[in-house]
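# Per-entry structural report
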Amino acid sequence: MAPRDFALLMAMCLVWAVNNIVSKYVVSGLDAPPLFYAGARFAIVAVCLVPFLRPAPKPIWRLVLTAFLMGGGNFGLMFVGLKYSTPSTAAVVLQLGMPATLILSMLFLGERISWRRAFGIGLTFAGVLIVMWNPRGIAVSTGLMLVAAATLMSAVGVILTKKIEGLRPITFQAWVGWVSVFPMLALSAWLEPGQVKIAIGAGWPFVAAVVFSAVVVSLGAHTVYVTLLQKYEANLVSALILVTPLATIVLGVTVLHDPFGPRLVIGSALALAGVLIIALRRNQVMSMLLAMRNRAR
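Read on for an overview of the structure. (Residues numbered from 1 in each chain as written. Predicted model: local features only at pLDDT ≥ 70, side-chain atom pairs only at ≥ 80, totals over all residues. Heavy atoms only, no water.)

Right, let's talk about the packing of aromatic side chains for a bit. Evaluation of the coordinates by the stated rule reveals six aromatic pairs. Pairing phenylalanine 42 with phenylalanine 75 gives two aromatic rings, centres 5.8 Å apart and planes at 75°, and the pair type is edge-to-face. With phenylalanine 42 in helix α2 (residues 34-48) and phenylalanine 75 in helix α3 (residues 60-83), the pair connects residues that are 33 residues apart, well separated along the chain. According to the relative accessible area criterion, phenylalanine 42 is buried, its value standing at 3%. Judged by its relative accessible area of 2%, phenylalanine 75 falls in the buried class. Aromatic rings pair up to connect Phe36, Tyr37, Phe42, Phe75, Phe79 and Phe206 into one cluster. Cation over ring: arginine 41 sits above phenylalanine 75, and NZ or CZ is 4.4 Å from the ring centre. (Phe/Tyr/Trp six-rings, centres within 6.5 Å; stacked < 30°, edge-to-face > 60°. Helix = DSSP H or I, 4+ residues; strand = E, 2+ residues; numbered from the N terminus. Buried < 20%, exposed > 50% of the residue type's maximum accessible area, 1.4 Å probe, protein only. Lys NZ or Arg CZ within 6 Å of the ring centre and 35° of its normal.)

Okay, structure coming up:
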């Protein structure tokens with residue numbers, strides 16, 4: 001990889017990691033309603049990408065369902081989950097997305113896995129369990145369970161994209177924005193009374209966070225991501241973007257003072273090693289996951 005492209009990739013990973021910290025600050029520090037935060041983000045994305053809604057891939061119903069699963073469903077659950085968990089632990093739990101996608105591909109797409117990828121799946125789940133472990137047993141954290149549910153929604157969405165013809169990333173982003181904004185705002189109005197007043201009370205930090213999340217992360221970083229995917233092998237890019245959870249952990253510990261100890265170190269190491277093993281093995285789902293993945297983001 002050329003030095004300039006490598007620098008762009010590292011900057012992209014840092015932007016994604018910073019966004020995780022910013023999102024945590026918004027929903028916890030500013031106490032902003034997470035569903036309203038998600039809806040505001042998708043509103044900006046939707047407006048910016050209106051010209052790219054057409055031509056719409058077919059079938060439309062599958063496109064709408066997939067866009068919601070990977071948009072509002074994924075990010076709505078993740079932002080609510082972040083409110084009740086730390087970015088560091090959430091970054092580890094989010095690594096379940098790749099093995100979950102692989103397992104679903106085995107069930108619904110007939111993909112076979114080697115013993116190496118099966119080992120990688122096992123390592124990832126072991127790492128996540130260690131992070132959730134305490135001396136009394138498994139810590140049933142509502143926040144981390146919601147983050148895990150977000151990864152499952154995204155994984156289902158990735159599998160559904162297999163049946164959509166002529167899907168372009170920029171068009172998909174546009175549909176994600178428009179399909180997600182109205183359900184998110186409706187759910188916010190139902191479950192988060194007074195959300196507009198709270199957001200206004202949060203002031204410019206809330207506005208800045210929404211603009212950063214929508215413009216810099218969803219539009220800017222995603223554009224860089226897709227550009228690099230077109231130039232380099234998906235396996236190489238997938239391995240390098242593991243810098244994102246590492247950077248999130250570092251920022252979470254140093255900026256937000258997330259708890260740091262042996263469980264987080266060992267769990268993170270196992271989970272990331274498992275994802276790396278999965279990513280470096282060629283398979284049909286890997287290319288789909290990397291082409292559609294934006295935690296992301």
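To continue, consider a nonpolar patch on the surface. Nonpolar side chains collect at one region of the surface, where Ile103, Met106, Leu107, Phe108 and Phe125 lie side by side and expose about 490 Å² of accessible area between them. Here the nonpolar patch takes four residues from helix α5 (residues 97-108), the largest share from any one element. Relative to the elements of secondary structure, isoleucine 103 occurs in helix α5. Classification of isoleucine 103 as partly exposed rests on a relative accessible area of 31%. (Patch = residues over 30% accessible without salt bridge, like charges linked within 9 Å, V, L, I, M, F, W, Y side chains within 5 Å. Areas by Shrake-Rupley, 256 points an atom, 1.4 Å probe, with all protein chains shown as cover. Salt bridge = Lys/Arg side-chain N within 4 Å of Asp/Glu carboxyl O.)

A few words now on the pattern of salt bridges. As enumerated under the stated definition, the model contains two salt bridges in all. Here aspartate 31 and lysine 83 are joined by a salt bridge, their closest N and O atoms 2.7 Å apart. A residue pair is termed long-range when its members are at least 10 positions apart, and aspartate 31 in the loop between α1 (3-29) and α2 and lysine 83 in helix α3 qualify at 52 residues. Relative accessible area serves as the criterion here: at 22%, lysine 83 is assigned to the partly exposed category.

Next up on the list: unusual backbone geometry. Cis geometry is found at the peptide bond from arginine 54 to proline 55, where omega equals 0°. With respect to the helices and strands, proline 55 occurs in the loop between α2 and α3. For the bond from lysine 58 to proline 59, the omega torsion is 0°, close enough to zero to count as cis. Along the chain, the position of proline 59 falls in the loop between α2 and α3. Non-glycine residue aspartate 31 carries a positive phi angle of around 55°. The backbone phi angle of histidine 257 is positive, close to 60°, even though this residue is not glycine. Within the secondary structure, histidine 257 is located in the loop between α12 (243-255) and α13 (262-280).

Time to look at the nonpolar core. Core analysis: the biggest nonpolar cluster contains 52 residues, and Val26, Tyr37, Phe42, Phe79, Val92 and Phe206 have the highest contact counts within it. Of the residues forming this core, the biggest block, eight residues, is contributed by α3. Those residues within four positions of phenylalanine 42 in sequence are excluded, and the remaining contacts are Gly71, Gly72, Phe75, Val176, Gly177, Ser180, Val181 and Met184. Formed by 13 residues, the second largest nonpolar core is a distinct cluster that contains Leu9, Val217, Ala221 and Tyr225. (Core = buried A, V, L, I, M, F, W, Y, C linked by side-chain atoms within 4.5 Å. Contact = heavy atoms within 4.5 Å.)

Glancing now at the environment of threonine 66. Note on placement: threonine 66 falls in helix α3. Distance in space between the C-alpha atoms of threonine 66 and serine 154 is 8.5 Å, their sequence separation being 88 residues. If we skip the residues at most four places from it in the chain, threonine 66 touches Gly157, Leu160, Thr161, Ile164 and Phe172. One polar contact links the side chain of threonine 66 to the main-chain carbonyl oxygen of arginine 62, over a distance of 2.7 Å. (Polar contact = N/O pair within 3.5 Å; in protein donor to acceptor, adjacent residues only side chain to side chain.)

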